[in-house]
Amino acid sequence: MARIALVTGANRGIGREVARELAVRGDTVLVTARDQAKADEAAAELRAGAAVEGELLPCRLDVTDPASMQRAADAIAERHGRLDVLVNNAAIHYDTWQRASDADLTVVREALETNLLGAWRTTLALLPPLRASGHGRIVNVSSESGSLASMGGGTPAYSVSKAALNALTRILAAELRRDRILVNAVCPGWVATDMGGPGGRPVAEGAASVLWAVDLPDNGPTGGFFRDGHPLPW
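Residues numbered from 1 in each chain as written. Predicted model: local features only at pLDDT ≥ 70, side-chain atom pairs only at ≥ 80, totals over all residues. Heavy atoms only, no water.

### Remarks on the side chain of S142
Inference 1: Following the sequence through the fold, S142 ends up in the loop between β5 (137-141) and α5 (156-176).
Inference 2: Of note is the side chain of S142, whose polar atom sits 2.7 Å from the side chain of N166.
Inference 3: Apart from the residues within four sequence positions on either side, S142 is in contact with K162, L165, N166, A185, V186, C187, P188 and F225. (Helix = DSSP H or I, 4+ residues; strand = E, 2+ residues; numbered from the N terminus. Polar contact = N/O pair within 3.5 Å; in protein donor to acceptor, adjacent residues only side chain to side chain. Contact = heavy atoms within 4.5 Å.)

Here's what the structure looks like:
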């Protein structure tokens with residue numbers, strides 16, 4: 001049966017590629033962006049550029065705006081009755097220009113608002129349709145920058161927000177296991193996107209890690225941190 005999936009930040013980069021590949025497989029995908037026009041444009045381009053079997057539905061969703069998330073949740077409940085896949089992909093501020101010892105805390109606060117609390121809010125808003133699925137998948141797009149085992153100096157806002165997202169992944173996985181919802185964090189690696197910059201791995205390779213977690217069987221791992229299907233140290 002075709003899945004119902006929602007991808008945050010799906011108008012570009014890894015989120016866009018994940019949305020495309022899910023639709024090619026026949027899934028119905030809500031292509032979200034903070035701006036409705038960008039969501040409309042991305043969904044139209046994806047329909048035109050790939051032999052998609054599933055639907056691509058544009059949806060305005062700003063992970064810092066609870067009202068937009070509730071509208072999306074209401075629309076999913078009314079139209080589909082369930083949500084099988086949530087990919088928390090939206091993120092900001094890969095702050096290579098600053099260090100923790102002299103950081104602009106406004107930037108740190110903005111990163112936490114989107115990268116941590118945005119994923120948290122979105123998950124809370126969409127838990128009812130995820131529970132209705134009976135085999136929900138939540139994939140938090142994280143980064144090895146958030147691994148305490150390998151963390152060093154630099155990118156403080158991004159690294160701290162991703163470390164916190166990893167912690168949230170562990171907690172949600174434990175709490176939602178009884179609802180048959182698998183929750184995992186995924187590092188796509190250094191990918192050549194607007195945020196990652198040139199020189200990284202192709203977007204499709206980064207998206208593959210996310211899709212691996214989306215496709216896990218019901219007895220698959222939960223509460224893990226992975227890249228390319230292999231565990232990463234916390």
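### Thoughts on unusual backbone geometry
Across residues other than glycine, the phi torsion is negative in most instances, and most of the peptide bonds are trans.
Inference 1: At H93, a position not held by glycine, the phi torsion is positive, near 60°.
Inference 2: With respect to the element layout, H93 can be found in the loop between β4 (85-88) and α4 (105-133).
Inference 3: Located in the positive-phi region is D228, a residue other than glycine, with phi close to 55°.
Inference 4: Mapping D228 onto the fold places it in the loop between β7 (225-227) and β8 (230-231).
Inference 5: Among the residues examined, D228 registers a relative accessible area of 38% and is labelled partly exposed. (Buried < 20%, exposed > 50% of the residue type's maximum accessible area, 1.4 Å probe, protein only.)

### Notes on the side chain of T123
Inference 1: Here T123 shows up in helix α4.
Inference 2: Not counting the four nearest positions on each side in its chain, T123 is found in contact with L86, N88, I138 and L172.

### Considerations on the nonpolar core
Inference 1: In terms of nonpolar packing, the biggest core is built from 26 residues, with L6, L83, L126 and L130 touching the most fellow members.
Inference 2: Per element, the largest residue contribution to this core is 6 residues, and it comes from α4.
Inference 3: Apart from the residues lying within four places of it in its own chain, the contact partners of L130 are L83, D84, V85, L86, G136, R137, I138 and I181.
Inference 4: Within the second largest apolar cluster, 25 residues are counted, among which are V141, A207, V210 and V214. (Core = buried A, V, L, I, M, F, W, Y, C linked by side-chain atoms within 4.5 Å.)

### Describing α4
Owing to its 3.6 residues per turn, the α-helix brings residues three or four apart onto one side.
Inference 1: Under the 1.5 Å per step criterion, the end-to-end length of α4 is 39 Å for 29 residues, consistent within 8% with the ideal 42 Å.
Inference 2: For α4, the principal kink sits at L127 and spans about 55°; a proline, P128, occurs within the next four residues.
Inference 3: The residue sitting at the N-terminus of α4 and contributing the capping side-chain oxygen is D104; that oxygen lies 2.9 Å from the backbone nitrogen of T106.
Inference 4: Downstream of α4 by one or two residues, G134 has phi in the positive range, about 85°. (Expected span 1.5 Å × (residues − 1). Bend = angle between axes of the 7 residues up to and from the residue.)

### Thoughts on the pattern of salt bridges
Inference 1: Taken as a whole, this structure holds 13 salt bridges when the rule is applied.
Inference 2: In this structure, R3 and D27 form a salt bridge, with 2.8 Å as the shortest nitrogen-oxygen distance. With R3 in the segment before β1 (4-7) and D27 in the loop between α1 (13-24) and β2 (28-33), this residue pair connects regions lying 24 residues apart in the sequence.
Inference 3: We classify R3 as buried; its relative accessible area is 17%.
Inference 4: Judged by relative accessible area, which is 5%, D27 ranks as buried.
Inference 5: One salt bridge connects E113 with R121, and the closest N-O pair in it is separated by 2.1 Å.
Inference 6: Taking relative accessible area as the criterion, E113 reaches 26% and is therefore assigned partly exposed.
Inference 7: Within this structure, R3, R25, D27 and D215 form a network of salt bridges that share partners. (Salt bridge = Lys/Arg side-chain N within 4 Å of Asp/Glu carboxyl O.)

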